[in-house]
Amino acid sequence: MRYQKLGNTGLFVSELCLGTMTFGGEGGMWGKIGQLQQTQADQLIGRALDAGINFIDTANVYSEGRSEEITGQALKNLKIPRENVVVATKVFGETGTAGVNSRGSSRYHIINSVKESLRRLQLDHIDLYQLHGFDPATPIEETLYALDNLVQHGHVRYIGVSNWAAWQITKALGISERLGLARFASLQAYYTIAGRDLERELVPMMQSEGVGLMVWSPLAGGLLSGKYDRDGNGEAGSRRLEFDFPPVNKERAFDCVDVMRTIAESKGVSVAQIALAWLLHQPAVTSVIIGAKRLEQLDDNLAATAIRLSEDELQQLNAVSALPREYPGWMLERQGEYRRNQLKS
């Protein structure tokens, strides 16, 4: 297991992060994603920590808070030294009773939510507190002041965002610098070999501004596991059959699966491991969030850290998954060629 700095901080996190969306199962769609209870969660977290994972990600909306409760109790049951685990959670979605202020990124909601998350997790601080979405109704300054207060008071160590656009993050970073507030350390975003959209704007921004990348749904909701065919058939109980998310260009995804399957067979590993390994070879990636319902799923994902893809294999995978060229990307490439030729002359 390798460890990398989280963005422009001194905090080191494991290249794999254990996601807890499968814990709980309460409330509508959460039951379709996973229904693991305390004993099963204890086993998964224990196995992950034994394998070298030091990073756990949850959210206050997962199973209506139950995921945080199970995660916190597991850490207590396993008697994990607090300094040995980095705990991340999120705020934004609707929690509690459906009041008008029970959602969003207002100071009101953030302060109320962090107290509840700390209680459910049974912790005195949260290592990484993330905004789970962008709130157009709340000024970014209000949100950043509230988050900075949490950092100054020791309730939160670092802050991050999830599912924001590049311009939104850049604007927030500029405000933080101008006002001397805590800055976002990380972005949690969707990224797979079959969904490389964030490479257009988000990856260049993160590399420029020193923002770490946490990848969610690295197997595209299981679609890249190799367990589905082009007709949409899969194993009984598979998540995609119940909850077809995130959106994916299926034909492109299965083209990727075909190439990954060939590479996987040559190495004697699973297709899912190749999909994870491809992400772990991307320089912008800090940590890949993996989730599991069973220990064997977790073990399969953990094994991806040992896979090294050759230059030829990476070229094959990059070719089949390449994004269509779009403006201004192709113009920036052309300008780069002009600059390189100028330097040679």
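In what follows, the structure referred to is the one given above.
Looking at the nonpolar core
Here's step 1: Counting residues in each nonpolar core, the largest one holds 103 residues, and the members touching the most others are Phe184 and Leu224.
Here's step 2: No other element matches helix α10 (residues 271-280), which puts nine residues into this core.
Here's step 3: Counting residues in each nonpolar core, the second largest holds six residues, with Ile33, Ala59, Tyr62 and Phe243 among its members.

Description of the side chain of His125
Here's step 1: If you trace the backbone, His125 turns up in the loop between α4 (107-121) and β6 (126-131).
Here's step 2: Only 2.8 Å separates the side chain of His125 from the side chain of Asp124, close enough to count as a polar contact.
Here's step 3: Residue contacts for His125: discarding those within four places in its chain leaves Arg82, Leu118, Gly154, His155 and Arg157.

Description of the sheet that holds strand β4 (residues 55-57)
Here's step 1: Taking strand neighbours around the barrel as the criterion, the eight strands line up as β3-β4-β5-β6-β7-β8-β9-β10 in a closed arrangement whose pairing is parallel. Looking at each pair of strands side by side, their axes are set apart by 30 degrees on average, direction ignored.

Structural notes on helix α11 (residues 295-302)
Counting along an α-helix, one turn takes 3.6 residues, and residues three or four places apart therefore face a common direction.
Here's step 1: Taken together, the buried positions of α11 are Leu298, Asn301 and Leu302. Viewed end-on, α11 has its buried residues packed into an arc of 100 degrees, placing them on one side of the element.
Here's step 2: Packing partners of the buried residues in α11 comprise β3 (16-19), α2 (38-50), α10 and β10 (287-290).

Some thoughts on helix α5 (residues 140-152)
Here's step 1: Taking 1.5 Å per residue as the helical rise, α5 with its 13 residues ought to reach 18 Å, and the 18 Å between its terminal C-alpha atoms agrees with that figure.
Here's step 2: Considered for burial, the residues of α5 that qualify are Ile140, Thr143, Leu144, Ala146, Leu147, Asp148 and Leu150.
Here's step 3: Of the surrounding elements, those touching the buried residues of α5 are α4, β6, β7 (156-162), α6 (166-179) and β8 (184-190).
Here's step 4: At the C-terminal side of α5, Gly154 shows a positive phi close to 85 degrees.

A few points about the packing of aromatic side chains
Here's step 1: Taken as a whole and judged by the stated rule, the model has seven aromatic pairs.
Here's step 2: Feature note: the residues Phe134, Trp164, Trp167 and Phe184 constitute an aromatic cluster, connected by ring pairs.

So, unusual backbone geometry
Here's step 1: In this model, Phe245 is joined to Pro246 through a cis peptide bond whose omega is 0 degrees.
Here's step 2: One can find Pro246 in the loop between α8 (239-242) and α9 (250-267).
Here's step 3: Phi is positive for Lys79, which is not a glycine, with a value near 55 degrees.
Here's step 4: Here Lys79 lies in the loop between α3 (66-77) and β5 (86-91).
Here's step 5: Under the relative-accessibility criterion, Lys79 is labelled exposed at 69%.
Here's step 6: A positive phi angle, close to 55 degrees, is found at Ala220, a residue other than glycine.

A short note on the pairing of strand β9 (residues 212-216)
The side chains of a regular strand alternate between both faces of the sheet.
Here's step 1: Where burial is concerned, most of β9 is hidden: five out of the five residues are buried.
Here's step 2: Taking every second residue as pointing to the same face, both faces of β9 are buried, with Gly212, Met214 and Trp216 on one and Leu213 and Val215 on the other.
Here's step 3: Bridge count for β8 against β9 is five bridges, and the pairing is parallel. If you follow Leu187 over to β9, its bridge partner there is Leu213.
Here's step 4: With helix α7 (residues 202-209) bridging β8 and the parallel β9, this β-α-β connection has right-handed handedness.

Points about the pairing of β10
Here's step 1: Both faces of β10 are covered, namely the face carrying Ser287 and Ile289 and the face carrying Val288 and Ile290.
Here's step 2: As defined by bridge partners, β9 adjoins β10 across two bridges and the pair is classed as parallel. For Val215, the partnering residue across the bridge sits in β10 and is Val288.

Some remarks on the packing of α9 against helix α12 (residues 311-321)
Here's step 1: Contact pair α9 / α12: the axes reach a minimum separation of 9 Å and the direction vectors enclose 165 degrees. Considering their axes alone, α9 and α12 lie roughly antiparallel with respect to each other. Crossing of α9 over α12 shows right-handed handedness. Contact with α9, carried on its side by Arg252, Asp255, Cys256, Val259, Met260, Ile263, Ser266 and Lys267, involves Glu313, Gln316, Leu317, Val320 and Ser321 of α12 and no other residues of that element.
Here's step 2: Considered class by class, the residues forming the contact of α9 with α12 number six nonpolar, three polar and four charged.

Examining the environment of Thr192
Here's step 1: Structurally, Thr192 can be placed in the loop between β8 and α7.
Here's step 2: Along the backbone, Thr192 and Gly28 are 164 residues apart, and their C-alpha atoms lie at a distance of 26 Å.
Here's step 3: In this view, Thr192 contacts Ser217, Pro218, Leu219, Ala220, Leu224, Trp278 and Leu279; residues no more than four positions away in its chain are not counted.
Here's step 4: One polar contact links the side chain of Thr192 to the main-chain amide nitrogen of Ala194, over a distance of 3.1 Å.

Calculation criteria
- Residues numbered from 1 in each chain as written.
- Predicted model: local features only at pLDDT ≥ 70, side-chain atom pairs only at ≥ 80, totals over all residues.
- Heavy atoms only, no water.
- Core = buried A, V, L, I, M, F, W, Y, C linked by side-chain atoms within 4.5 Å.
- Buried < 20%, exposed > 50% of the residue type's maximum accessible area, 1.4 Å probe, protein only.
- Helix = DSSP H or I, 4+ residues; strand = E, 2+ residues; numbered from the N terminus.
- Polar contact = N/O pair within 3.5 Å; in protein donor to acceptor, adjacent residues only side chain to side chain.
- Contact = heavy atoms within 4.5 Å.
- Pairing = 2+ DSSP bridges.
- Axes fitted to C-alpha atoms, helices over the stretch in contact; angles between N-to-C directions.
- Arc of directions from axis to C-beta.
- Expected span 1.5 Å × (residues − 1).
- Phe/Tyr/Trp six-rings, centres within 6.5 Å; stacked < 30°, edge-to-face > 60°.
- Right-handed = clockwise from strand over helix to strand, strands pointing away.
- Parallel < 35°, antiparallel > 145°, perpendicular 65-115°, else oblique.
- Left-handed = near helix turned anticlockwise from the far one by under 90°.
- Nonpolar A, V, L, I, M, F, W, Y, C, P; charged D, E, K, R; others polar.

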